[in-house]
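An overview of the molecular structure
Listed here are the chains, written in short residue letters.
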Amino acid sequence: MDNSNTRYSLLDSLRGFAVINMIAYHFIYDLKFIFARDIGWFGNFGTYLWEQGICILFILISGICANFGRNKLRRGITLLLCGSAITVVTSLMLPNEAVHFGVLSFIGSAVLLMIPLEKLISRLNPVLGLFGSFALFALTKQIDNGFLGFFDLRLLPLPKVLYSFEFLAFLGFPSPNFRSSDYFPLIPWLFLFTFGYFLWRILKAKNADRFFTAKVPFFNAVGKHSLIIYIVHQPVIYGVLYLVFQTGLFG
C-alpha cells in the first residue's frame with residue numbers, strides 16, 4: 001500500500017480527461033436516444049471504442065488508486081451509495097434509460113472488495129498479477145453475452161442456468177429481461193481494476209511513479225472534482241437539451 005503524501009497529479013489529470021470525454025459522449029447519446037436527433041455516425045464501431053476507452057480509463061485509474069489512502073471503507077461506501085442514488089433517480093425519471101449496476105456501483109464494490117482481497121493479492125508477484133488480471137479480463141469480457149473467450153473470440157459457452165436469476169446480473173450474468181443503460185458487473189471489470197492495481201506496483205518498483213506528479217491544469221481541476229461532476233452532469237445535460245428541444249424557448 002502506498003501511504004505517502006505524494007500527490008500524483010497526473011492521475012487527476014487523466015481522470016479529468018476521461019470526465020470531459022464522458023460528458024461529450026453522454027451529450028451526444030442523449031441527443032440521439034432521448035431527444036431523437038439524427039446523428040447517424042453515433043453508434044458505429046468508433047463510438048464503441050470511444051465509450052470503452054472512457055470506461056477503461058476510469059476503472060484503470062480506480063484500480064491504481066486502490067494502492068493509496070487509509071479511508072477505503074468510506075470511499076467505497078460513498079461510491080456505492082452514489083451509484084444506488086443514480087439507479088433510483090434514473091428508474092423514476094427515465095425508466096427506459098435506467099442505470100442498474102453502473103460504473104459508480106462497480107467501482108464502489110471493487111474498492112470494498114479490495115479491503116479483504118488486498119491482503120491476498122499484495123503477496124503476488126506484480127508482473128504475474130498484471131498478466132493474470134489481463135488474461136482473466138480477456139477471458140471473461142463477453143461473459144454477459146454467455147461465453148468465455150479471448151475478448152470477442154468465442155471459446156466456451158456458459159450454462160444458461162447462470163442467466164436465469166435476476167440477482168446474478170451484479171456478478172455478470174444478466175437475465176434475458178435485464179436492462180441497463182450503464183452496466184458494469186463485477187466480472188469482467190474487477191480484473192481490469194486489479195490490472196490497474198498491479199500496474200501501479202510495477203511502476204512504483206521501477207521508480208516510474210515520479211512521472212505522475214506532473215499535471216495538466218484544466219484536466220487536473222476537473223479530475224479533482226470528478227465524483228460531483230459525474231453525479232450532476234447527466235441532469236444538467238438533460239435539462240439543457242430539454243429546454244432547447246421541448247419547451248420552445250429557443251425557437
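Attention in this report is confined to the structure presented alongside it. Along each chain, residues carry numbers from 1 onward, in the same order as the chain's sequence is written. Selection of residues for local features in this predicted model requires a pLDDT of at least 70, selection of side-chain atom pairs for listing and counting requires 80 or more, and totals for whole chains, interfaces and linings are taken over all residues. Where side-chain values are given, they derive from all heavy atoms of the structure, hydrogens and water being excluded.

**Re helix α3 (residues 72-93)**
In a regular helix each residue adds 1.5 Å, so 22 residues correspond to 32 Å; α3 covers 31 Å between its end C-alpha atoms and thus fits that length. Along α3, the residues classified as buried are Lys-72, Gly-76, Leu-79, Cys-82, Gly-83, Ile-86, Thr-87 and Thr-90. Axial view of α3: buried residues confined to an arc of 145°, hence all on one face. Among the exposed residues of α3, those oriented more than 90 degrees off its buried face are Leu-73, Arg-74, Leu-81, Leu-92 and Met-93. Strands are runs of DSSP state E lasting at least two residues, helices are runs of H or I lasting at least four, and both sets are numbered from the N terminus onward. Expected span of a helix: the number of residues minus one, times 1.5 Å. The classification of residues rests on relative accessible area computed with a 1.4 Å probe and restricted to protein chains. Under 20% of the type maximum is buried, over 50% is exposed, and intermediate values are partly exposed. For this quantity, the arc is that covered by the directions from the helix axis to the C-beta atoms.

**A look at the packing of aromatic side chains**
By convention, a stacked pair of Phe, Tyr or Trp rings (six-membered ring in the case of Trp) has centres within 6.5 Å and planes under 30 degrees apart, an edge-to-face pair has planes over 60 apart, and any other such pair is tilted. Here the structure, examined in full by the defined rule, presents 30 aromatic pairs. Geometrically, the ring pair formed by Tyr-163 and Phe-173 is edge-to-face, given 5.5 Å between the ring centres and 75° between the ring planes. One end of the pair, Tyr-163, is in the loop between β2 (153-157) and α6 (186-205); the other, Phe-173, is in the loop between β2 and α6, with 10 residues separating them in the sequence. By relative accessible area, Tyr-163 is classed as buried at 10%. The exposure class of Phe-173 is buried, given its relative accessible area of 11%. Taken together, the ring pairs in this structure connect Phe-134, Phe-137, Phe-150, Phe-151, Phe-184, Trp-189 and Phe-195 into an aromatic cluster.

**Remarks on the environment of Leu-156**
Its place among the elements puts Leu-156 in strand β2. Judged by relative accessible area, Leu-156 falls into the partly exposed class, the value being 47%. Expressed as a C-alpha distance, the spacing of Leu-156 and Leu-139, which sit 17 residues apart in the sequence, is 9.7 Å. Those residues in contact with Leu-156 that lie beyond four places of it in its chain are Gly-146, Phe-147 and Leu-148. We call two residues in contact when some of their heavy atoms are within 4.5 Å.

**Looking at the packing of helix α1 (residues 9-34) against helix α2 (residues 45-65)**
Note on definitions: angles span 0 to 180 degrees between N-to-C directions of axes, and those axes are lines fitted to C-alpha atoms, for helices only across the stretch in contact. At a minimum axis distance of 10 Å, the contact between α1 and α2 shows a crossing angle of 150°. Crossing handedness for the pair α1 and α2: left-handed. Judged by residue contacts, Leu-11, Leu-14, Arg-15, Phe-17, Ala-18, Val-19, Asn-21, Met-22, Ala-24, Tyr-25 and Ile-28 of α1 engage Thr-47, Trp-50, Glu-51, Ile-54, Leu-57, Phe-58, Ile-61, Ile-64 and Cys-65 from α2. Following the grouping adopted for this structure description, the nonpolar residues are Ala, Val, Leu, Ile, Met, Phe, Trp, Tyr, Cys and Pro, the charged ones are Asp, Glu, Lys and Arg, and the polar ones are all others, Gly among them. Looking at the contact of α1 with α2 residue by residue, the class counts come to 16 nonpolar, 2 polar and 2 charged. Handedness of a crossing follows from how the near helix is turned relative to the far one, being left-handed for an anticlockwise turn of less than a right angle and right-handed for a clockwise one.

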